[in-house]
Amino acid sequence: MAAAAALLNGFCSSTAPENVSPAKRRRPPRTRDRPTLPRSARLEKNPSLSRLLVSCADRGSMDRALSLFETLTSPDTFQYNVMIRGYTNAGRFEEAIEFYHLMRSACVRGDSFTFPFVIKSCGGALYETEGETIHCTVIKTGLDSDVFVANSLVAMYAKLGKIESAEGVFREMPERDLVSWNSMIGGYVSDEDWRRALDYFQEMQALGMRPDRFSIIAALSACSLDKLWKQGKEFMRTFSGAGSMGIR
């Protein structure tokens, strides 16, 4: 793929400093007065505690999840993913990125569940260089064709205001879903390119992709902001029976 090759030849070979300090990458973030677990109760030997790690992360109790994680002698990809996902969903983006670097320093390989969350954290933290570097890693590992990873890249670049990069990723996706299209429509609305947003909305429908409420709201926003009142009214008439049309 031409765009992917250009990307590799560009920032992938660079040695630009990353946004997270090396000192922070050597270990996960610390908390005070952390309860400790006996050696006999290590996660890798106790499936119930492993489930507790997932439960804590899913509830956003990341300090407790960290306490459990730190009892591990050799965390695996799944356990790192639980922590990265938990920090990302809690809006603690820098800590999610720190855990990703901790994972790499431990020579634990990321997978298609790792990258969507760490990429989302790069967008949330507005870490452009970090996001580009991780994009490079995704290409090298062959995960750029995964729809969930690619969707996260599209959303990240749109969030960073790099809409052309978002479109480049989008156009090379071998498979696109509704999230892919919504990310592009929303990205162009945020970029104040209303007509391009509407182009994507219409192209999506022409290819047989049914819009959901997010697609419609974004399209109507584009119509109102670009003063396309007639087109907005047509959308309203078309989708006034959204339920009967199967729109989500």
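One structure accompanies this document, and this report is about it. (Residues numbered from 1 in each chain as written. Predicted model: local features only at pLDDT ≥ 70, side-chain atom pairs only at ≥ 80, totals over all residues. Heavy atoms only, no water.)

When its secondary structure is counted, the chain shows 15 helices and 0 strands. Put simply, of all contacts in the chain between residues at least 6 apart along the chain, 65% involve residues at least 24 apart. Entry remark: accessible area of the chain is about 13000 Å², with carbon and sulfur atoms responsible for 52%. (Helix = DSSP H or I, 4+ residues; strand = E, 2+ residues; numbered from the N terminus. Contact = heavy atoms within 4.5 Å. Areas by Shrake-Rupley, 256 points an atom, 1.4 Å probe, with all protein chains shown as cover.)

For side chains of opposite charge, pairing can occur when their charged atoms come near one another. Within this structure, the stated rule accounts for 9 salt bridges. Close ionic contact of glutamate 95 with arginine 92 constitutes a salt bridge, the shortest N to O distance being 2.8 Å. Owing to a relative accessible area of 18%, glutamate 95 belongs among the buried residues under this scheme. Residue arginine 92 is classed as partly exposed on the basis of its relative accessible area, which comes to 25%. Residues glutamate 203 and arginine 171 are paired through a salt bridge, measuring 3.1 Å at the closest nitrogen-oxygen approach. Within this pair, whereas glutamate 203 is found in helix H12 (residues 194-206), its partner arginine 171 is found in helix H10 (residues 163-172), the two being separated by 32 residues in sequence. A residue is classified by how much of its surface remains accessible, and glutamate 203, at 24% relative accessible area, is partly exposed. For arginine 171, a relative accessible area of 34% gives the class partly exposed. Taken together, the shared-partner salt bridges in this structure form one network comprising Glu167, Arg171, Arg196, Asp199 and Glu203. (Salt bridge = Lys/Arg side-chain N within 4 Å of Asp/Glu carboxyl O. Buried < 20%, exposed > 50% of the residue type's maximum accessible area, 1.4 Å probe, protein only.)

The values reported here are purely geometric and, on their own, carry no functional implication.
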